[in-house]
Amino acid sequence: PEMGADPEREYRLGIMGGTFDPIHYGHLVTAEQAREALALDLVLFMPAGKPAFKQDLDVTDAEDRYAMTVLATAANTAFDASRFEIDREGVTYTIDTLRALREHYPANVKLFFITGADAVADLVTWHDASEMAELATFIAATRPGYDIDTARSRISASGVPFDVRYIEIPALAISSSNIRERVSRGKSVRYLTSESVIGYIRKNGLYNRHVVERVDGV
Ligand code: ATP
Ligand code: MG
């Protein structure tokens with residue numbers, strides 16, 4: 001739907017942020033079940049341009065991460081890939097994205113920021129946490145290897161009145177780092193992400209050079 005077009009009704013917009021290097025089924029299940037649980041009209045998948053917390057790491061070209069995001073989300077009419085963060089200059093902070101979306105959409109569009117249990121625990125350490133809490137409702141999904149109660153207590157200890165909805169999703173112990181690692185070792189990544197994303201990785205030779213870097217670094 002055209003977000004905010006009908007002034008008589010409320011629109012619920014989900015934002016799924018991440019590095020998406022590459023996007024995988026953990027991201028997609030999280031977004032789909034958040035959409036369902038919170039009755040979201042649309043989920044925007046937003047690959048980070050220059051991730052604030054991953055500046056020191058070697059992150060794949062933004063156009064490749066965006067292309068894989070488009071491929072993985074193409075068949076879902078409630079999903080969209082957004083160039084917003086990759087088209088911005090420099091480091092992207094979630095607060096800037098939320099501010100920009102808040103300015104862009106009318107007041108009848110409610111913003112929901114979707115994260116896994118690991119990312120939500122970092123919320124309180126983000127820049128301008130209290131303004132962020134005013135701009136969006138947060139959806140925190142369970143993730144294997146991360147304790148949702150740790151996130152809960154860190155958020156409440158911060159004293160910032162975040163509106164956080166906790167959702168339990170089917171456990172998928174899938175991570176982008178594990179996929180990169182497997183590709184670099186020539187191991188199978190089938191069923192960890194979509195065939196279209198796997199095809200893109202192979203066609204463009206992504207993640208192969210990690211082996212060389214790791215050996216050089218030793
Ligand atoms: P990396 O291993 O490179 O850190 P990642 O798999 O953690 O990659 P990100 O792009 O860092 O993926 O994560 C984007 C968002 O998706 C974060 O909010 C993260 O918590 C969430 N997420 C990622 N994988 C899962 C999963 N398997 N289950 C639930 N949430 C997930
Ligand atoms: Mg991560």
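Treat the numbers as computed from the prediction; the structure is a model and nothing was measured. (Residues numbered from 1 in each chain as written. Chains lettered and ligands numbered in written order. Predicted model: local features only at pLDDT ≥ 70, side-chain atom pairs only at ≥ 80, totals over all residues.)

(A) Representation of the sheet that holds strand β2 (residues 42–47). Spatial strand order, β3-β2-β1-β4-β5-β6: six strands in an open sheet with parallel pairing. Two strands close off the open sheet at either side, each with one partner strand: β3 (79–81) and β6 (164–167). Adjacent strand axes in the sheet meet at a mean angle of 25° when their direction is disregarded. Two elements, β2 and β3, share three bridges in a ladder whose sense is parallel. When the sheet's bridge partners are listed, L44 is paired in β3 with D80. Helix α3 (residues 94–104) contacts β1 (11–18), β2 and β4 (109–116) of the sheet and is inclined by roughly 160° relative to β4. (Pairing = 2+ DSSP bridges. Helix = DSSP H or I, 4+ residues; strand = E, 2+ residues; numbered from the N terminus. Axes fitted to C-alpha atoms, helices over the stretch in contact; angles between N-to-C directions. Contact = placed C-beta atoms within 7 Å.)

(B) Focus on the site of ligand 1. Residues in close proximity to ligand 1 total 18 residues, the closest being G18, G26, G116, S176 and S177. Of all the secondary structure elements, the ones that give two or more residues to the shell around ligand 1 are α1 (25–37), β4, α4 (117–121) and α7 (176–184). When the residues that make up the shell around ligand 1 are grouped by side-chain class, the tally is five nonpolar, 10 polar and three charged. (Near = placed C-beta within 6 Å. Nonpolar A, V, L, I, M, F, W, Y, C, P; charged D, E, K, R; others polar.)

(C) Region of the structure containing the pairing of β6. Where strand β5 (residues 137–141) lies against β6, four bridges are found, and the strand directions are parallel. Residue pairing for β6: A141 is matched across the bridge by I167. Taking the sense of rotation as the criterion, the β-α-β connection linking β5, helix α6 (residues 148–158) and β6 turns out right-handed. (Right-handed = clockwise from strand over helix to strand, strands pointing away.)

(D) Spotlight on α1. For α1, which comprises 13 residues, the first-to-last C-alpha distance of 18 Å matches the rise-based estimate of 18 Å (1.5 Å per residue) to within 8%. Downstream of α1 by one or two residues, A39 has phi in the positive range, about 50°. (Expected span 1.5 Å × (residues − 1).)

(E) Examining the confidence of the model for the chain more closely. The predicted model of the chain has a mean per-residue pLDDT of 91, with 91% of residues at 70 or higher. pLDDT under 50 marks residues 214–218. Its contacts with residues more than four places away, or in other chains, come to zero contacts. Across the interface, the model reports ipTM at 0.99; the global pTM reads 0.93. (pLDDT = per-residue confidence, 0-100.)

(F) Looking closely at α3. The set of residues buried in α3 consists of T94, T97, L98 and L101. On an axial view of α3, the arc spanned by its buried residues comes to 95°, and they lie on one face. The inward-facing, buried residues of α3 abut β1, β2, β4 and α5 (129–135). (Buried ≥ 20, exposed ≤ 12 C-beta atoms within 10 Å, placed from the backbone. Arc of directions from axis to C-beta.)

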